[in-house]
Structures are given as C-alpha cells and as structure tokens.
Amino acid sequence: MLKITLPDNSVLEVSKGSTLADVAKQIGPGLAKAALAGRIDGRLVDLSSPVETDLAIEIVTAKDPAALEILRHTASHVLAQAVRHLYGEQVQYTIGPPLTDDFQYGFYYDFDLPQTITTDDLATIEKEMTKIVRADLPLKRLELAPQQAKKRFGGLGQSYKNEMIDDLLRNEKVSMVSLYEQGDFLDLCRGPHLPSTGKLGPFKLLAVAGAYWRGDSNNKMLTRIYGSAFFDKKQLAAHLEKLEKARKQDHRLLGRQLELFSIHEDIGPGLIHWHPKAGLVRHIIESFWKEEHLKRGYQIVYTPHIASERIYKTSGHLEKYGEMMYSPMDIDGQNYYVKPMNCPGHIRIYQTRPHSYRELPLRYCELGTVYRYEPAGTLHGMLRVRGFTQDDSHIFCTPEQLSDEVGGVLELADYMLKSFGYTYSVYLATRPEKFLGTEAQWDFATKALHQALESKNISYEIDPGGGVFYAPKIDLKVNDSLGRQWQGPTIQVDLNLPSADRFSITYVGPDNAEHEVIMIHRTVLGSMERFVGGLIEHFAGAFPLWLAPVQVAVLPISDKISEYAGQVHDGLLRANLRSQLNQTADTISAKIRQATLEKTPYMLVVGAKEAQARQVSVRHRSEGDLGTMSLDAFICRCQDEIDCKGKAG
RNA sequence: GCCAGGGUAGCUCAACGGUAGAGCUCCUGUUUUGUAAACAGGGGGUUGUCGGUUCGAAUCCGACCCCUGGCUCCA
C-alpha cells in the first residue's frame, strides 16, 4: 500500500499500481466523474498516471485554473484528428497549443495542407470533431525513445514532427519523448490531456489564417485554424457574445458611423483623415496633454518633418531603421527623408550650446508627426498606420536624476491613464541577448528603473530580456473596457544615441568636465492615432462628457418654441458646453433617436411646458429620462462631470 | 511582405452569363410633433482599376489597387 497526501492534508492509502483515476474513484464517484487530470507533487499529469511512491496528489477538475488549458489542448488534438480525417494522409500537422490569455482564441493548430480551406469549411470540420468527441476515444500517453518516435511519425509521413524531435534531441538532449494517441491519431506532445475525447466541452472553430512554420517569415506558410473551447455552453455563449460586442465596438465601424475618421485609397493606405468630431476629441486630448506637461516642467518644441540624410547617418536610423523609412527626396542634390522619429531634432536643440548640470533635467516634448513604412498587410484602421503623431518626449538628465525622472514619468502616465478610465499593468523589460553599450550601463539604468518603480510603490512584472537593443524599458499595458490589453506608455533609457559613437550628448558637471548625458525616451499615449482609435473601442464610441465632441443636443418639440430652444443653446455655449441645436422638422422621437445613435451624452428636450417654466427636460444617452431642472442646475451637473473626467465613472 | 477571403449607390446588403435593385442617408414638399424612426415624391452606380473570354460580363479568367482575418513586424 502507498500513502498519498491529499490537498486537505489528509492521507489516503491506495494500492500499489493505482492510477490517479483510481485514486479519484476511491475518494468518491462524484470526483471520479469530474476528474480531468491530476497533480503529483504539484506537477500536472494525466489521470492515467500511476502513483508509484508516497506522494502529494491532487485531482484536477473543471474548477481548477489549469483545467481550461488542458481542455483546450485536447481540443486542438481533436481538431487535428478531424482535419486528418477530412483531408487525408497528406495532411501534415505541426503545432497546436492551447491559448488562455488570448482575447479571441482558445487554441489553434497549424497544418501543412494539400489544399486550401476557407471559413466555410469550418462547419464540416466541427462536425467531424463532434464525431470524435462522441466516439469518446481515450487519450493514451506513450513514452518512446526519440528514434522510435521518429519511426512512428516517419511511417505517418509527419516530417514536421520529426523535425521537432530532432530539435528536442539537439536542444534538450532528451532521452524520451511523449506521444499522445487517440484512436487513429498520434501526436508529439508534452501533455497532459483529458482522459478521453468525450470529456471535451463545447467548442467552436473561429478562423482560418496563415502562419509561418516556427513563426519565421523565411519558412513555409502553413494553414492555421483557430477555435475556442469551454467547459459549458454558457461560457462558450458568453465568449461568442463578447466577440460580437467587440466587433460592434470596432473603431473602424464606429469611425464611419460616428463620422470620426476616414482613409482614402487615392490618398494612400494607413493615412488617417480626422473628421471634425475626432479632430475635436484630439484637440481636447492634446490640450490636456500640453497642460499636464507644462505643469510638470516639460518644454514644448517643434521639429521639421523632413531632414537631411546626414542626421540619420549620425543617429544610426538609416542603418537600423532604413527599411521603415520612405525613399529620400532630392533637395539641391542632397538626400532628405521624411522623419520616422523625433529624437534627432530634440538632440540637436539640446546641443545648440553647452549645458551645465545645474540646468538638468531638460524635458523636451513634442506632438511630433512621423511617417514610417509599415508592410501593407499590417495596416489596421487607426491602430496601425503609416503616418502618426507621437506624444514624444526626450528627457536629458544626470545619472543621479534618472530614477526621479522615471518616477515623474510614471506619475504623469498614471494621472493621464486614469483620466481616460484605464487601469494598467507594468512590465520592466531587461537586457536582451543583443545589446549596445556596456553591461555596467545596463545594470545602472535597469537599477534606476527598479528604484523608480519601488519608490512609487508600483507593483510590476519583470520581462527578462524584453528590452530593446539600445535600452532597458518600462512598459505600461492598459486594460480596456473589454478586458483587452494595449501597449500604453513606454519609458526607455537610451544607451545608444548619447554615446560618443552617435551624438556625443554631454553636460558639464561640477568637476568642470564633460559627462555623457542620460537620455530618456518616453511616450504616454503612444500616438494620437492609436490612442484615439483605442479610446473609440474602449468607450464603444460613447465618449465621456469631457471628451464628447457634442456634449449636449438641444431638441425642441416643435419649431414653435425655437426661440426658447435658441436661448438654451446659447446658454450652454456661454457655459463652454458643446451644444448642438436640432432644428429639423423631425418628431421629438426621431430627434432623440438620432442624438442617441450619435452617442451624444445629454439631450435637452424643450417644449411649451419647459419654456413656460424656464426649465429643461434632461435625457441621458444611456440612462434615459432624468426629469426636468433649470438650465443652471444642468450646467452645474455637466461641469462637475467634466471635472471628474474618467476618474469617477 | 506572406497565406486565405473579399470589393455592387455615401452606408448596409440583393441580383451570380441576358436591360443593376431595396432599406437607410441626401434633396423637395406636406406634417408642428412630448422621450429611440411622421408621410409622399425625387436624386444617386462605366459593379475597385486595367486587360481577356463571350453575341452578351457585376457574374468566368488574368494582372494590379484596396479592404478583412491571421503570420512576420510595430507607436
């Protein structure tokens, strides 16, 4: 008999050779039925795993946080089996991992297929998957010597699998590899898996896409099928609903419906035209941005949109970012480029005279418009474009000031993100394998970033090796209303441009000697395009009052009271509220419908009764009728709401 | 850039080898309205572009442009 310890610290005696499934059965029939996998000494294993010595064991059911990943992993195997059934022996299956952090997808599998497939084929594949689930095939784990495994896959014509085994041999020097078999399907896989395909919950195939073998664009393009799987129907339905909601909140759709922006084929892809309403939103954000920067000792600068190639040779951009820069134009026999970055201009401003340590830090900021070549296939509405305005800044400081400066940026970022109703999480990205500068510089800069985070009491995760080649950085990822993460503010300590090899940016220290300056490159919003595109989706087009292009729609019941309606409208304008007076011949219902669809925060319905009482009937776009009040009371309400921005909901 | 799918009126979509159609938007007129769509009439398309097949092409074929979903990449 073996003594095993259960999670509640109780000890259970089981006979030798028992599997985890047996253990579950011994604990109770309910658990036996719910059991999906197990843990032996904390390590996730199959239910069929034998219990060999006295160990701490745990039975994993659907409630366990790890269960979803196992379920989805098995789902991907079932998908691969179905595809092989339908498209024949020539199907090569490659990798098919579960996804648990992805907003849309729960798993995928990459295939090298003898034919192309489309989304129309997904229903057929789903049907075949359902057959496999109904057949309730047990998933058997096999542990084989690599050569034996290669033989089996060779027999099945699975050359990708053999390539993967060769890699395991080379990189991990494995002596055994694990395979999973379900019916006529065999896959190389670490596991664990559900005990049988019948345990698979509801699933849905969602998309067909291309994906490079091993994610390398030099390799063959495979066919990827995405899907998701859950434990119960409600979860799947809720997930599909969430995807549908996201689709409706797509900024490209809302951008058209709300007349926010447009892109024109004959002007060029990836080039945004800001219509008046989005223009106003951007103006408000930029004013807010400038105000907050000036309060914090930033200085606003402007730099030209084109520059001679000489500066980009010095900066190294031509060499490192040349592919992202547009072809040069000839000006008086010299090559000029449209700027892809703002830093060189800021550096040259700094360098127009020597700087004392007493003047530092200097914080130059610019809403700088840059143009970068982005491959055609990557363009996406306002979120991925070819011309965009960065809310850029370069801070020049001494090494002693670095940590405080980073802290200041973190404070600013926090303040601004909260104003837009965003929460965020923080990542510190450390030295990558390939890097410029010395290890000592990296250690110093990384430590300063750590310090800044600690002193602000900010909890963060380390992203080891995630820094850019010239800088360690802090990234803030913002969480939007749908639970998606976006790249937000980023703070980089540039160890390249200030160096003697590049710009030799210096200051004069108290010792009267020149020292290399510390340069921080940071952005809070990213780019106006991406930020506003993200905001549109975050708010589903319903901008909070302080950002709404039209804040109040004045809706007269009929044109008999147009005089009073005009007075209300003027009163709002005088109170600095953005009001729009609807004087059309529509019925009041139609006017309300129109303003609601335009997502105008407040509607003021005015008719004979209101004119008589010198009041307004207030309606909110989502809360409906709020009753009548005086115009002054309404204006006060709006001003309070505007002052709170996104912070008070 | 790569793989796949797509492009019909400003928008959403129909027609899928035989004279391009609807709803909304827009314009005009009537209606003077009480909390998400009053009524009537009218305008609007070389079917993304160019070429080919055909008696005849929105429809079939090819090239290019653009869009969508991904991949690589990225603010």
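Quick caveat: nothing in here was measured; it's all calculated off a predicted structure.

1. Describing the overall build of chain A
And then number 1: Within chain A, the secondary structure is distributed over 19 helices and 32 strands.
And then number 2: Projected onto its principal axes, the C-alpha coordinates of chain A cover approximately 85 × 75 × 55 Å.
And then number 3: Taken over 649 residues, chain A has a buried fraction of 37%.
And then number 4: Counting contacts in chain A only where the partners sit at least 6 residues apart, residues at least 24 apart contribute 68% of the total.

2. So, the pairing of strand β12 (residues 221–229)
And then number 1: When you tally the buried positions in β12, you get 7 out of 9 residues, the bulk of the element.
And then number 2: Alignment of strand β7 (residues 107–112) against β12, held across 5 bridges, turns out to be antiparallel. Counterpart to Phe107 in the pairing with β12 is Gly227.
And then number 3: Relative to β12, strand β11 (residues 203–212) runs antiparallel, the two being bridged by 9 bridges. Paired with Val208 across the bridge in β12 is Ile225.

3. Thoughts on the nonpolar core
And then number 1: Membership of the largest hydrophobic core comes to 83 residues, with the highest contact counts inside it found for Val406 and Leu604.
And then number 2: Broken down by element, the residue count for this core peaks at 8 residues, all from helix α13 (residues 402–419).
And then number 3: Both domains that meet at this core, namely domain 3 (261–303 + 342–538) and domain 4 (552–644), each give it at least three residues.
And then number 4: Residue contacts for Val406: discarding those within four places in its chain leaves Ala448, Leu449, Ala452, Ile491 and Ile520.

4. As for the domain arrangement of chain A
Many descriptions give the size of an interface as the accessible area lost when the pieces come together.
And then number 1: If you check the domain split of chain A, you get domain 1 (2–60), domain 2 (67–241), domain 3 (261–303 + 342–538) and domain 4 (552–644).
And then number 2: A straight line from the C-alpha centre of domain 2 to that of domain 3 covers 41 Å.

5. Comments concerning the packing of helix α3 (residues 67–87) against helix α4 (residues 122–135)
And then number 1: Axis separation between α3 and α4 bottoms out at 8 Å; the angle between their running directions is 115 degrees. Between α3 and α4, the angle falls in the class roughly perpendicular. By crossing handedness, the relation of α3 to α4 is classed as right-handed. Note on element contacts: α4 touches α3 through Thr124, Ile125, Glu128, Met129, Ile132 and Val133, opposite Val78, Leu79, Gln81, Ala82, Val83, His85 and Leu86.
And then number 2: Its residues placed into classes, the contact of α3 with α4 shows 9 nonpolar, 3 polar and 1 charged.

6. Quick word on the sheet that holds strand β18 (residues 334–338)
And then number 1: Read from one edge of the open sheet, 3 strands run β16-β18-β17, paired in antiparallel fashion. Pairing within the sheet leaves two strands with one partner each, and these edge strands are β16 (306–308) and β17 (329–331). Neighbour-to-neighbour, the strand axes of this sheet turn through a mean angle of 40 degrees, independent of strand direction.
And then number 2: In this structure, β17 lies alongside β18, joined through 3 bridges in antiparallel fashion. Its bridge partner lying in β18, Ile331 is registered against Gln334.

7. Section: α3
And then number 1: In this model α3 runs 30 Å from its N-terminal to its C-terminal C-alpha over 21 residues, within 8% of the 30 Å that 1.5 Å per residue would give.
And then number 2: Of the residues trailing α3, Gly88 is marked for its positive phi of about 90 degrees.

8. Side note on the sheet that holds strand β32 (residues 624–629)
And then number 1: As summarised here, the arrangement of the 5 strands in space is β29-β28-β30-β31-β32, forming an open sheet in which the pairing is mixed. For this open sheet the edge positions go to β29 (579–581) and β32, each flanked by a neighbour on one side alone. On average, adjacent strands in this sheet sit at an angle of 25 degrees to one another, irrespective of strand direction.
And then number 2: Sheet analysis places strand β31 (residues 616–620) next to β32, joined by 5 bridges and oriented antiparallel.

9. Description of the protein's contact with RNA strand B
And then number 1: Near RNA strand B you find 58 residues, and of these Ala209, Gly210, Gly377, Gly526 and Gly607 are the closest.
And then number 2: At 7 residues, the largest contribution of residues to the surface near RNA strand B is made by helix α17 (residues 588–597).
And then number 3: Here the surface near RNA strand B is built from residues that sort into 21 nonpolar, 21 polar and 16 charged.

10. A few points about unusual backbone geometry
And then number 1: The step from Gly191 to Pro192 runs through a cis peptide bond, and the omega angle for that step is -5 degrees.
And then number 2: Here Pro192 shows up in the loop between β10 (185–188) and β11.
And then number 3: Cis peptide bonds are those with omega within 30 degrees of zero, and the linkage from Leu360 to Pro361 qualifies with 0 degrees.
And then number 4: For Pro361, the position within the fold is in the loop between α12 (343–350) and β19 (362–371).
And then number 5: Here Asp136, not a glycine, exhibits a phi torsion of approximately 50 degrees, which is positive.
And then number 6: With respect to the element layout, Asp136 can be found in the loop between α4 and β8 (140–144).
And then number 7: Even without being a glycine, Asn512 presents a positive backbone phi close to 65 degrees.

11. Remarks on the environment of Ala413
And then number 1: Locating Ala413 in the fold gives a position in helix α13.
And then number 2: Sequence spacing of Ala413 and Ile284 is 129 residues, and the spatial spacing of their C-alpha atoms is 17 Å.
And then number 3: Contact partners of Ala413, with chain neighbours within four places excluded, come to Leu476, Pro489 and Val524.

12. Side note on the environment of Pro375
And then number 1: If you trace the backbone, Pro375 turns up in the loop between β19 and β20 (387–397).
And then number 2: Using a count of 9 C-beta atoms within 10 Å as the deciding quantity, one classes Pro375 as exposed.
And then number 3: Residues Pro375 and Leu577, 202 residues apart in the sequence, show an inter-C-alpha distance of 42 Å.

13. Digging into the environment of His346
And then number 1: Residue placement: His346 occurs in helix α12.
And then number 2: Placed 18 residues apart in sequence, His346 and Tyr364 show a C-alpha to C-alpha distance of 6.9 Å.
And then number 3: Not counting the four nearest positions on each side in its chain, His346 is found in contact with Val301, Thr303, Tyr364 and His394.

Criteria and thresholds
- Sequence order sets the numbering: in each chain, residues are counted from 1 along the sequence as written.
- Starting at A for chains and at 1 for ligands, labels are handed out in the order in which the entities are written.
- In keeping with the model being predicted, local features are shown solely for residues with a pLDDT of at least 70 and side-chain atom pairs are shown and tallied solely at 80 or more, while totals for entire chains, interfaces and linings include all residues.
- A run of H or I in DSSP counts as a helix once it spans at least four residues, and a run of E counts as a strand once it spans at least two, with each numbered from the N terminus.
- Each residue is classed by its C-beta neighbour count within 10 Å, where at least 20 other C-beta atoms makes it buried, 12 or fewer makes it exposed, and intermediate counts make it partly exposed; the C-beta atoms are placed from backbone geometry.
- A pair of residues counts as a contact when their C-beta atoms, built from backbone coordinates, are separated by no more than 7 Å.
- Between any two strands, pairing holds if DSSP finds at least two bridges.
- Each nonpolar core comprises buried Ala, Val, Leu, Ile, Met, Phe, Trp, Tyr and Cys residues, the members being joined through C-beta atoms within 7 Å.
- Domain segmentation is taken from an automatic or database assignment of domains.
- Helix axes are fitted to C-alpha atoms over the stretch in contact, other axes to C-alpha atoms as well, and angles between N-to-C directions run from 0 to 180 degrees.
- Here the angle decides the label: under 35 degrees means roughly parallel, over 145 means roughly antiparallel, 65 to 115 means roughly perpendicular, and every other value means oblique.
- By convention the crossing between two helices is left-handed if the near helix lies anticlockwise of the far one by an angle smaller than a right angle, and right-handed if it lies clockwise.
- Gly falls in the polar group here, along with every residue not listed as nonpolar (Ala, Val, Leu, Ile, Met, Phe, Trp, Tyr, Cys, Pro) or charged (Asp, Glu, Lys, Arg).
- Any helix carries an expected span of 1.5 Å times its number of residues minus one.
- By convention here, the C-beta atom is placed from the backbone, and a residue is near a molecule or strand when that atom is within 6 Å of it.

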